[in-house]
Amino acid sequence: MTVLQKTTDNPIAHLSTEDVEAIGYELDAIRQSVIDSRGARDAAYIRAVIDAQRKLELGSRVVLLASMFPPAWVLGTAGLSIAKIIENMEIGHNVMHGQWDWMRDPKIHSTTWEWDHASPSEQWKHSHNELHHTYTNVIGKDNDLGYGIMRVDEDQRWVPLYLAQPLWNFLNACFFQYGIAAYDLELGKNLSSKERRTDPEFRARAKQVLRKVRRQMTKDYVVHPLLSGPSAVTTLTANLTANLVRNLWAHSVIMCGHFPEGVQTFARSSIENETRGEWYLRQMLGSANISGGRVTHFMTGNLSFQVEHHLFPDLPSNRYAEIAPRVQALFDKYDLPYVTGSLP
């Protein structure tokens, strides 16, 4: 990754201003076609996914009541791991993007959904929807570039702390939900001075995070194990394992969709007076897809279609596979790199 303006082989050097705006018009047309056709089929899809996820989680937790028996531990842990991944990736992330707000269902709405995650939805929506998706891969504006603890671009300032980056990355992967909560809270910046630490707004947000973390831990590490009676210890380890699996999977999907070779970054100056077409172009060059089958796409929350998601973050996730060929054809038409690859 490197700032686009500094690349020796600029992938957009051949585009005229008219080309860029034409790309915007064509992408607007793709977006509108989905908006015009979304309806009962899409609503049935998300309701079915939510229903299946809840039944899977409940069934897995029931099985874990007998987790002192190894087969029950394996089955219950596997089911709970999958349920947590689906809730975070295909349901929570996408609902909070407003992908299903058009249904006007207060139970499946970005303003009311609270996910199974350490970060409160309100704070996540600000850092992710409002900042990351607005300033995608703009150095100094998009803090998702390394999440403040990793250097993922040669134009990011280097400090000796980055020598331990492999360790930070591993720990971040294992505790990813808590890393995201700290990131959404801008913990490093807000603890850097007494003025920031004592700021009433920061303290209120920190208390909100602590309440959410306490609620999550109580559910997974106190209530469920206690309900398991003689299986309390093994149920506790099952919940720890399920959360670890969810964290590792989410971390892998996010890293592979944002930071692989071929994805471009941008200088702050490049977004001054940015047009709609230029914003689209930045999303096209600043994301990468993950190849795979239907199960892979579903388990990533369809974030394996990261390019399509960044172009249309509020369109129903079940439509990304449908529009991906049209988007890729547009890349080909304007000779732009459509970065995609398999998970390692």
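Structural notes, computed from the coordinates.

Reading guide: rules and limits
- Residues numbered from 1 in each chain as written.
- Predicted model: local features only at pLDDT ≥ 70, side-chain atom pairs only at ≥ 80, totals over all residues.
- Heavy atoms only, no water.
- Helix = DSSP H or I, 4+ residues; strand = E, 2+ residues; numbered from the N terminus.
- Buried < 20%, exposed > 50% of the residue type's maximum accessible area, 1.4 Å probe, protein only.
- Contact = heavy atoms within 4.5 Å.
- Patch = residues over 30% accessible without salt bridge, like charges linked within 9 Å, V, L, I, M, F, W, Y side chains within 5 Å.
- Areas by Shrake-Rupley, 256 points an atom, 1.4 Å probe, with all protein chains shown as cover.
- Salt bridge = Lys/Arg side-chain N within 4 Å of Asp/Glu carboxyl O.
- Lys, Arg positive; Asp, Glu negative; His and termini not counted.
- Charge placed at Lys NZ, Arg CZ, Asp CG, Glu CD.
- Core = buried A, V, L, I, M, F, W, Y, C linked by side-chain atoms within 4.5 Å.

With that settled, the discussion passes to the overall build of the chain. Looking only at helices and strands, one finds 14 helices and two strands in the chain. With the C-alpha coordinates of the chain rotated into their principal frame, the extents come out at 70 × 55 × 40 Å. Going through the 344 residues of the chain one by one, you find that 50% of them count as buried. Long-range contacts, defined here as pairs at least 24 residues apart, represent 71% of the contacts in the chain between residues at least 6 apart.

Taken together, the side chains of Leu58, Val62, Leu65, Val222, Val223, Leu226 and Leu227 define a hydrophobic patch exposed on the protein surface, amounting to about 670 Å² of accessible area. Of all elements in the fold, only α2 (40-63) and α9 (200-227) reach the threshold of two or more residues within the nonpolar patch. Tallying contributions element by element places α9 first for the nonpolar patch, with four residues. Inspection of the secondary structure assignment puts valine 222 in helix α9.

Summed over all chains, the structure comprises 17 salt bridges. Of the charged contacts in the structure, one is a salt bridge between glutamate 57 and arginine 61, with a shortest N-O distance of 3.1 Å. Here glutamate 57 and its partner arginine 61 are both found in helix α2, four residues apart, which amounts to about one turn of the helix. An identical accessibility class is assigned to glutamate 57 and arginine 61; each is buried. Here lysine 212 ties to glutamate 114 by a salt bridge, and the two come within 2.7 Å at their closest N and O atoms. You can see lysine 212 sitting in helix α9 and its partner glutamate 114 sitting in the loop between α3 (70-96) and α4 (121-132), a full 98 residues away along the chain. Residue classification places glutamate 114 among the partly exposed residues on the basis of a relative accessible area of 38%. In the salt-bridge network here, residues are joined through shared partners; they are Glu57, Arg61, Lys84, Asp116, Lys219 and Asp220.

With that settled, consider a positive patch on the surface. Positive charge collects at one region of the surface, where Arg203, Lys207, Arg211, Arg214 and Arg215 lie side by side. Inspection of the secondary structure assignment puts arginine 211 in helix α9. Residue classification places arginine 211 among the partly exposed positions, given a relative accessible area of 44%.

Below, the discussion takes up the environment of tyrosine 25. Following the sequence through the fold, tyrosine 25 ends up in helix α1 (residues 17-37). On the accessibility criterion, tyrosine 25 (61% relative accessible area) is exposed. Each C-alpha atom of the pair tyrosine 25 and tyrosine 280 lies 9.9 Å from the other, and the pair is 255 residues apart in sequence.

What follows is about unusual backbone geometry. The backbone of arginine 104 sits at a positive phi, close to 55°, despite the residue not being glycine. The topology assignment puts arginine 104 in the loop between α3 and α4. Classification of arginine 104 as exposed rests on a relative accessible area of 72%. At asparagine 137, a residue that is not glycine, the phi angle is positive and equals roughly 60°. With respect to the helices and strands, the residue asparagine 137 is situated in the loop between α4 and α5 (165-174).

Okay, the nonpolar core next. Ranked by internal contacts, the top residues of the largest apolar core, which has 28 residues, are Ile23, Leu27 and Phe312. With six residues, the top contributor of residues to this core is helix α14 (residues 320-333). Discounting chain neighbours no more than four positions away, the residues touching phenylalanine 312 are Leu27, Ile30, Arg31, Tyr280, Tyr320, Ile323 and Val327. In terms of nonpolar packing, the next biggest core, distinct from the first, is built from 24 residues, Ala43, Ile85, Val95 and Met96 among them.

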